[in-house]
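Residue-level structural notes
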Amino acid sequence: MTDTRRRVKVYTLNEDRQWDDRGTGHVSSGYVERLKGMSLLVRAESDGSLLLESKINPNTAYQKQQDTLIVWSEAENYDLALSFQEKAGCDEIWEKICQVQGKDPSVDITQDLVDESEEERFDDMSSPGLELPSCELNRLEEIAELVASSLPSPLRREKLALALENEGYIKKLLEIFHVCEDLENLEGLHHLYEIIKGIFLLNRTALFEVMFSEECIMDVIGCLEYDPSLSPSRKHREFLTKTAKFKEVIPISDPELKQKIHQTYRVQYIQDMVLPTPSVFEENMLSTLHSFIFFNKVEIVGMLQEDEKFLTELFAQLTDEATDEEKRQELVNFLKEFCAFSQTLQPQNRDAFFKTLSNMGILPALEVILGMDDAQVRSAATDIFSYLVEYNPSMVREFVMQEAQQNDDDILLINLIIEHMICDTDPELGGAVQLMGLLRTLVDPENMLATANKTEKTEFLGFFYKHCMHVLTAPLLANTTEEKPSKGALRFKRKIIGLKDEFYNRYIMKSFLFEPVVKAFLNNGSRYNLMNSAIIEMFEFIRVEDIKSLTAHVIENYWKALEDVDYVQTFKGLKLRFEQQRERQDNPKLDSMRSILRNHRYRRDARTLEDEEEMWFNSDEDDMEDGEAVVPPSDKTKNDEDIMDPISKFMERKKLKESEEKEVLLKTNLSGRQSPSFKLSFSSGTKTNLTSQSSASNLSGSPGSPGSPGSPGSPGSVSKSTSQMAAITTKGGLVGLVDYPDDDEEDDEDEDKEETVPLSKKAKLESS
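If you're wondering where the values come from, they're calculated on a predicted model, not measured in any experiment.

A look at the overall build of the protein chain
Helix and strand counts for the protein chain stand at 34 helices and nine strands. A total of 768 residues make up the protein chain; the buried ones form 47% of that total. By sequence separation, contacts in the protein chain at least 24 residues apart represent 66% of the contacts at least 6 residues apart. A total accessible area of about 39900 Å² is found for the protein chain, and carbon and sulfur atoms account for 49% of it.

Topic: a nonpolar patch on the surface
Residues Tyr31, Met38 and Val100 make up a contiguous nonpolar surface patch of about 260 Å² in total accessible area. Within the fold, tyrosine 31 resides in strand β2 (residues 19–32).

Focus on the packing of helix α12 (residues 287–306) against helix α13 (residues 308–319)
Taken N-terminus to C-terminus, the directions of α12 and α13 make an angle of 75°; their axes are 5 Å apart at the nearest point. Classified by the angle their axes make, α12 and α13 are roughly perpendicular. Facing α12, whose interface residues are Leu304, Gln305 and Glu306, α13 presents Glu308, Phe310 and Leu311.

So, the packing of aromatic side chains
Remark: the centre distance and the inter-plane angle together describe each pair of aromatic rings, the angle taken between the planes. Under the counting rule described, the total for this entry stands at 23 aromatic pairs. Ring centres of tyrosine 11 and phenylalanine 294 lie 5.8 Å apart, and the angle between their planes is 85°; on these two criteria the pair is classed as edge-to-face. A residue pair is termed long-range when its members are at least 10 positions apart, and tyrosine 11 in strand β1 (residues 7–13) and phenylalanine 294 in helix α12 qualify at 283 residues. Across the pair, exposure class does not vary: tyrosine 11 and phenylalanine 294 are buried alike. For the ring pair tryptophan 19 and phenylalanine 295, a centre distance of 6.2 Å and an interplane angle of 40° mean the geometry is tilted. One end of the pair, tryptophan 19, is in strand β2; the other, phenylalanine 295, is in helix α12, and 276 residues separate them in sequence. Assigned by exposure class, tryptophan 19 and phenylalanine 295 land together as buried.

Comments concerning the pattern of salt bridges
Under the defined criterion, the tally for this structure stands at 27 salt bridges. Among the salt bridges present, the one from arginine 266 reaches glutamate 214, with a minimum N-O distance of 3.5 Å. Of this pair, arginine 266 sits in helix α10 (residues 255–274) while glutamate 214 sits in the loop between α7 (205–211) and α8 (217–223), and the two are 52 residues apart along the sequence. Judged by relative accessible area, glutamate 214 falls into the partly exposed class, the value being 49%. One salt bridge connects aspartate 546 with lysine 548, and the closest N-O pair in it is separated by 3.3 Å. Taking the relative accessible area as the measure of exposure, aspartate 546 reaches 10% and is therefore buried. Through salt bridges with shared partners, one network takes in Arg5, Arg6 and Glu92.

Observations concerning helix α24 (residues 489–498)
Of all 10 residues that make up α24, nine are buried, and the element is covered over most of its length. Inspection of α24 places Ala489, Leu490, Arg491, Lys493, Arg494, Lys495, Ile496, Ile497 and Gly498 among the buried residues, and these make up the whole buried set. Two residues or fewer after α24 comes lysine 500, characterised by a positive phi angle close to 55°.

Some thoughts on the nonpolar core
Residues Ile362, Leu363, Phe385, Ile414, Phe463 and Phe464 are the most contacted members of the largest nonpolar core, which totals 81 residues. Here this core gets eight residues from one element, more than from any other, and that element is helix α17 (residues 375–391). With residues near it in sequence (within four places) discarded, isoleucine 414 still touches Val400, Glu403, Leu439, Leu442, Phe460, Phe463, Phe464 and Cys468. Counting residues in each nonpolar core, the second largest holds 50 residues, with Ile143, Tyr193, Leu202 and Met211 among its members.

Description of the packing of helix α26 (residues 515–524) against helix α28 (residues 548–562)
Where α26 meets α28, the closest approach of the two axes is 11 Å, and the angle between their N-to-C directions is 10°. Here α28 runs roughly parallel to α26, going by the angle between their axes. On the side of α26, the interface is formed by Glu515, Val518, Phe521 and Leu522, while α28 contributes Tyr558, Ala561 and Leu562. The class makeup of the residues in the contact of α26 with α28 is six nonpolar, no polar and one charged.

Regarding the pairing of strand β3 (residues 37–44)
Successive residues of a regular strand alternate their side chains across the two faces of the sheet. Among the eight residues in β3, six count as buried, and that is most of the element. Across eight bridges, the pairing between β2 and β3 is antiparallel. By the bridge assignment for β3, serine 29 is matched with leucine 40. Between β2 and β3, which pair antiparallel and follow one another directly, the connecting turn spans four residues, one of which, lysine 36, has a positive phi of 55°. Across five bridges, β3 lies against strand β4 (residues 50–55) in antiparallel orientation. Bridge assignment links leucine 41 to a residue of β4, and that residue is glutamate 53. Between β3 and β4, which pair antiparallel in sequence order, lie five residues; one of them, glycine 48, sits at a positive phi of approximately 80°.

Examining a negative patch on the surface
A cluster of acidic residues, Asp324, Glu325, Glu326 and Asp373, forms a negative patch on the protein surface. Among the secondary structure elements, aspartate 373 is positioned in the loop between α16 (362–370) and α17.

Digging into the pairing of β1
Counting buried residues in β1 gives five out of seven residues, a clear majority hidden from the surface. Strand direction decides the pairing type here: β1 and β2, joined by seven bridges, are antiparallel. If you follow valine 10 over to β2, its bridge partner there is glycine 23. Bridge count for β1 against strand β7 (residues 78–84) is five bridges, and the pairing is antiparallel. Across the sheet, lysine 9 pairs through a bridge with serine 83, a residue of β7.

Criteria and cut-off values
Residues numbered from 1 in each chain as written. Predicted model: local features only at pLDDT ≥ 70, side-chain atom pairs only at ≥ 80, totals over all residues. Heavy atoms only, no water. Helix = DSSP H or I, 4+ residues; strand = E, 2+ residues; numbered from the N terminus. Buried < 20%, exposed > 50% of the residue type's maximum accessible area, 1.4 Å probe, protein only. Contact = heavy atoms within 4.5 Å. Areas by Shrake-Rupley, 256 points an atom, 1.4 Å probe, with all protein chains shown as cover. Patch = residues over 30% accessible without salt bridge, like charges linked within 9 Å, V, L, I, M, F, W, Y side chains within 5 Å. Salt bridge = Lys/Arg side-chain N within 4 Å of Asp/Glu carboxyl O. Axes fitted to C-alpha atoms, helices over the stretch in contact; angles between N-to-C directions. Parallel < 35°, antiparallel > 145°, perpendicular 65-115°, else oblique. Phe/Tyr/Trp six-rings, centres within 6.5 Å; stacked < 30°, edge-to-face > 60°. Core = buried A, V, L, I, M, F, W, Y, C linked by side-chain atoms within 4.5 Å. Nonpolar A, V, L, I, M, F, W, Y, C, P; charged D, E, K, R; others polar. Pairing = 2+ DSSP bridges. Lys, Arg positive; Asp, Glu negative; His and termini not counted. Charge placed at Lys NZ, Arg CZ, Asp CG, Glu CD.

Below you can see the structure in the form of structure tokens.
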């Protein structure tokens, strides 16, 4: 199975009319007893498994395209393709197919499926071929009618296509096009539009190769400018020749690659911008055009990947300090389009693509680019980084852990990402939301690998808490550096409690973080405002969700301060929960008997199991020594100076932003059209913008509503609730947590009426 002539890729056409790569293997032909006939067999080169077993049906229409492709339909809406590594292998299999069907191997299509009446079929079969009118100006209307009448019939389409190929008819039509333009003959130009559009719908690769050749493609586009339904005519050629410029950021030495890039760009432009939107009937008749573009793109990516000199020069100039800003921006935009282009590839091709970029040093290059001042360059670099994270987050994690052994925390790639997220100056926080999603993907334990030799979850999360967590939490700690904490601390704590994670609960209890909350509640007095409602809702959530550890902690430490609050039943309900919990602990057999009686049958209730597990957990927790750590061991090595250092740096950045916010910053949209320069994606579609949602909900949320994007036990996770999305914004020239406009008026009113008792510095820090 080492013969490269028979090496193929198997493709199937999906519902979106895109080709899916089913694997690489070696093709052979032979008689299969089960299928009762000669069949095509493809076995995977990796493990020898059967990728394809397809009987060569005498009535199936097989097409040979671009010398190395064989395409056919197994059933309705199920198209298959074999892409050969070498032309010789394609020719061998094509001869086998033609031999079974009794066809001449010189044809590019064996036959078409016919859906006609017997009379029509007899009429078509009785005539050996289709005679085209002479290609003259005064017969254009007759030619247009012939093309239109042939489209509904598969056999007539086949005969028309063969006639057009054999007589070199397309080039003759394009000569008449020049005559019509010189004479300003609009009627003739309208007929030529209908003729050329009809030729596209014949869906023939051989015709496309003529139409898309260097000498013909611009004239074909010219014919398509004269749509009779549009006035005035569109200036597509003017755009392609004068507006759209092909700019080589790195010189391409291979002329074949350069020609393929030009051709693919123009054909993509024809599909997206020139041809009218196809009807349901016409869409299936353009499948060969989609395939032509797809396989061209695959070929371009492969040729660029193999050109090591090109990629080496690209990354060298990207990271060279001597490269001017305009040039660097062009290089980054090219790399961004190159990565976007790879999204059309199938998994195997995409794996090879990103492995090549990784070996060339794309992550160190991104680290350099993200540290630059140019906002547009950083934005493009962020998009590139998102492709890498989405493709393989483990590769990114491995890189950042390795660089931590050589670099300081301040210049780590992941810390640069956090810094840009926190300091995003966009009022809509588009960049911050995008970076938040990437960071969430990187710290999500659900997509981390676990092997016999290492556990990525343990290694990376340990690394993150040691080297990155202090950078991520710097804005929170910075809120307590002033006389009083900024708004947002209570919301943050409510989100933490909403996770119902015992890791957080133990930390809250150990640090007595309910103390500042209770003080704020008592200082608020009898005023009925958002502060009052939010605090009561927090304790009500603990009661309703029966969070036993927090219930016991609150009653044991703060009951005397709260027992006189009787305008709501929340605190008395908490006391009742606590007493019931204590009763079950003192008499577990009674609790078990109640469970049995309640269910009227002898089985253990799920709630009882939870209670017993909680009792075991609590007893285990009680055995902990007072000095036992509740944070990862790596954090023990951080002293106060290490923790306060990022805070001071953060505050310096806040002051720097104060002056910058006075100027109008022109932000570049992360999506949309680039300036007319060469783009590898060639797509007219736009990429969805990532925008933040404004939060206008009340401070208090319904019990059970908060959730975590990560799994329980991953400190630092942020709630996924869309109604109270955590975000970063700028206010008064300072970067801080997002403020909620609903609260300002009432809170300011309250502060004017009565001054609250200042909390201790420790309480401020803990409550934030």
